[in-house]
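Understanding the architecture of this molecule
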Amino acid sequence: LLSYAWMLVRDLERLREIYNRVNVLPLGSGALAGNPFLINRQSIANDMKFNAITMNSMDGTSDRDFIIEFFSWASLLSVHLSRFAEDVILYSTKEFGYITLSDLYSTGSSLMPQKKNPDSMELMRGKAGRIIGKAMALYVVVKGLPMAFNKDLQEDKCLFEVVETVDDLLGIAKGVISTLKINKEKMHSNLSPDMLATDLAYYLVRKGVPFREAHHVSGECVQKAENQNISISELSVEEFRKIK
């Protein structure tokens, strides 16, 4: 879970960076030029908490960078949430059983009464494709537009759907994590003594053995244990000493 927490930390940092860049006031820009009224745009921007004003009216009315940047951010966020969803789905299966999803975020099977479906996670995984699709759609809309404003830009209204979807996904992720049951005993039972092979290599390194050689010796220990159909922890000290 902590690995995903750091992904979300980076997502939050990116969102803050985007806000500082796109929080620009377009008011006073026309589709071709500015306006003939003596309005103080900078004063209006200060009053409305904008960081800056647009410097070119044609760019100001035809620009959709602020939406595309948000879509790009939302796409990466949804990819992170999709990966999280996949891990939840995988580790909640009977084959793993490391976690149990709350009934609040799962449904029963229409065919098998004993089955619990991680619907919330499957939908989260699917929504990532939808968000990425919206981003690609807007990229395609703006890629061949001449200056300045064109009716094609009416297709930017999918922004509202993406905002609502991202808000829903984050709420679901929070709910899933806060209600998730961790099955520590199941995790512990799946630990294998073979995992000690790396610790054996580290032990030899601390004794001054080069890691390449320590890695080879550790592998020989694993091979010897497998040949005897035992775990590496069951090898005797004498057997370890014979390995070079």
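Heads up: these notes are all about the structure in this document. Keep in mind that this is a model prediction, so the values were computed, not measured.

Right, let's get into the environment of Met187. Relative to the elements of secondary structure, Met187 occurs in helix α7 (residues 184-189). What makes Met187 partly exposed here is its relative accessible area of 32%. Residues Met187 and Gly108, 79 residues apart in the sequence, show an inter-C-alpha distance of 25 Å. If we skip the residues at most four places from it in the chain, Met187 touches Tyr98 and Ile182.

All right, on to the pattern of salt bridges then. The tally for this structure, following the rule as stated, stands at 8 salt bridges. Across the pair Arg64 and Asp156 runs a salt bridge, and its minimum N-O distance is 2.8 Å. On the criterion of sequence distance, the pair formed by Arg64 in the loop between α3 (57-62) and α4 (65-91) and Asp156 in the loop between α5 (119-142) and α6 (158-179) is long-range, its members being 92 residues apart. If you follow the salt bridges from partner to partner, you end up with Arg64, Asp156 and Lys157 in one network.

Here we take up unusual backbone geometry. The omega angle of the peptide bond from Met147 to Ala148 is 5 degrees, so this bond is cis rather than trans. When you line up the elements, Ala148 lands in the loop between α5 and α6.

Quick look at the environment of Ser92 now. Assignment of secondary structure puts Ser92 in the loop between α4 and β3 (99-100). Ser92 gets classed as partly exposed once you look at its relative accessible area, which sits at 25%. Measuring from C-alpha to C-alpha, the distance between Ser92 and Leu32 comes to 57 Å, with 60 residues separating the pair along the chain. In terms of polar contacts, Ser92 uses its side chain to reach the backbone carbonyl oxygen of Val88, at 2.8 Å.

Calculation rules
Residues numbered from 1 in each chain as written. Predicted model: local features only at pLDDT ≥ 70, side-chain atom pairs only at ≥ 80, totals over all residues. Heavy atoms only, no water. Helix = DSSP H or I, 4+ residues; strand = E, 2+ residues; numbered from the N terminus. Buried < 20%, exposed > 50% of the residue type's maximum accessible area, 1.4 Å probe, protein only. Contact = heavy atoms within 4.5 Å. Salt bridge = Lys/Arg side-chain N within 4 Å of Asp/Glu carboxyl O. Polar contact = N/O pair within 3.5 Å; in protein donor to acceptor, adjacent residues only side chain to side chain.

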